[in-house]
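Single-letter residue listing:
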Amino acid sequence: MRVGVHKLPMNSPNDVSALEHLIDKGEVNPAEIVALIGKTDGNGGANDFTRGFATLSYSLTLAKRLSVSPEEVLKRVAFVWSGGTEGVLSPHATLFTRAPRRRTESGSPSVWP
C-alpha cells in the first residue's frame, strides 16, 4: 500500500487552490484521498463556522473532481478541523492519500514510490 501526505497552505477556509494545484499537476489522485486534517483561521469557539466552511469547500471541490455528490465525499473522506490560529499558527490542511502499491513489469511490488 502506498500512503501520501501533503501539506496544503490556506489563505481562508474556502481556499482549496493548493489541493486543485496538486490534482491538476497529477501529484494527487482525488480518488485516493482518505483524510484531510487542518487548522482554520477561526477563533476555535462555539461561534467558529470556519471548520464547517472548510469542509464544505473541500467537499464541493472533490465532488466536482470525482463526479459524485458532496455527501458521497463526506462518506469517503475523513475531515478533521481545529479552529483558531491566533499567535504563530497558520491556516493549513494536511492531506492523506492511500493507494495499492504499484507493480513492476515482473509483477512484484515496486519500491517506494
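So, a few notes on the structure that sits alongside this text. (Residues numbered from 1 in each chain as written. Predicted model: local features only at pLDDT ≥ 70, side-chain atom pairs only at ≥ 80, totals over all residues. Heavy atoms only, no water.)

### A word on the overall build of the protein chain
Scanning the protein chain for helices and strands turns up three helices and four strands. Each helix and strand of the protein chain, placed in order from N terminus to C terminus, yields the pattern β-α-β-α-α-β-β. Its C-alpha atoms put the protein chain at 55 × 35 × 20 Å along the principal axes. By the burial criterion, 40% of the 113 residues in the protein chain qualify as buried. Of the contacts made within the protein chain by residues no fewer than 6 positions apart, 73% connect residues no fewer than 24 positions apart. (Helix = DSSP H or I, 4+ residues; strand = E, 2+ residues; numbered from the N terminus. Buried < 20%, exposed > 50% of the residue type's maximum accessible area, 1.4 Å probe, protein only. Contact = heavy atoms within 4.5 Å.)

### A word on helix 1 (residues 17-24)
Three or more residues of helix 1 are buried, namely Ala18, Leu19, Leu22 and Ile23. Burial along helix 1 is one-sided: seen end-on, the buried residues are contained in an arc of 135°. Against the buried residues of helix 1 lie strand 1 (2-9), strand 2 (33-40), helix 2 (50-66) and strand 4 (92-99). (Arc of directions from axis to C-beta.)

### So, the sheet that holds strand 3 (residues 78-83)
Pairing is mixed across the open sheet formed by four strands, whose spatial order is 1-4-2-3. Looking at the sheet topology across the chains shown, the edges are occupied by strand 1 and strand 3. On average, adjacent strands in this sheet sit at an angle of 10° to one another, irrespective of strand direction. Bridge analysis of strand 1 against strand 4 gives eight bridges, and the strand direction is antiparallel. Residue pairing for strand 4: Leu8 is matched across the bridge by Ala93. In the packing of helix 1 onto the sheet, contacts are made with strand 1, strand 2 and strand 4, and the angle to strand 1 comes to roughly 135°. Together, strand 1, strand 2, strand 3 and strand 4 form the strand contacts of helix 2, whose direction differs from that of strand 3 by roughly 150°. (Pairing = 2+ DSSP bridges. Axes fitted to C-alpha atoms, helices over the stretch in contact; angles between N-to-C directions.)

### A closer look at the pattern of salt bridges
Close approach of charged atoms allows side chains of opposite charge to pair. Counting across every chain of the model gives four salt bridges. Put simply, Lys25 and Glu27 hold a salt bridge, and the shortest N to O gap is 2.7 Å. A relative accessible area of 49% places Lys25 in the partly exposed class. (Salt bridge = Lys/Arg side-chain N within 4 Å of Asp/Glu carboxyl O.)

### Quick word on the nonpolar core
Ranked by internal contacts, the top residues of the largest apolar core, which has 20 residues, are Leu8, Leu19, Leu36, Tyr58, Leu62, Phe79 and Trp81. Once residues within four sequence positions are removed from consideration, Phe79 is found in contact with Leu36, Thr55, Tyr58, Ser59, Leu62, Val73 and Leu74. (Core = buried A, V, L, I, M, F, W, Y, C linked by side-chain atoms within 4.5 Å.)

### Re the environment of Glu71
Residue position: Glu71 is located in helix 3 (residues 70-76). With relative accessibility at 51%, the residue Glu71 sits in the exposed group. The sequence separation of Glu71 and Leu56 amounts to 15 residues, and the corresponding C-alpha distance is 9.9 Å.

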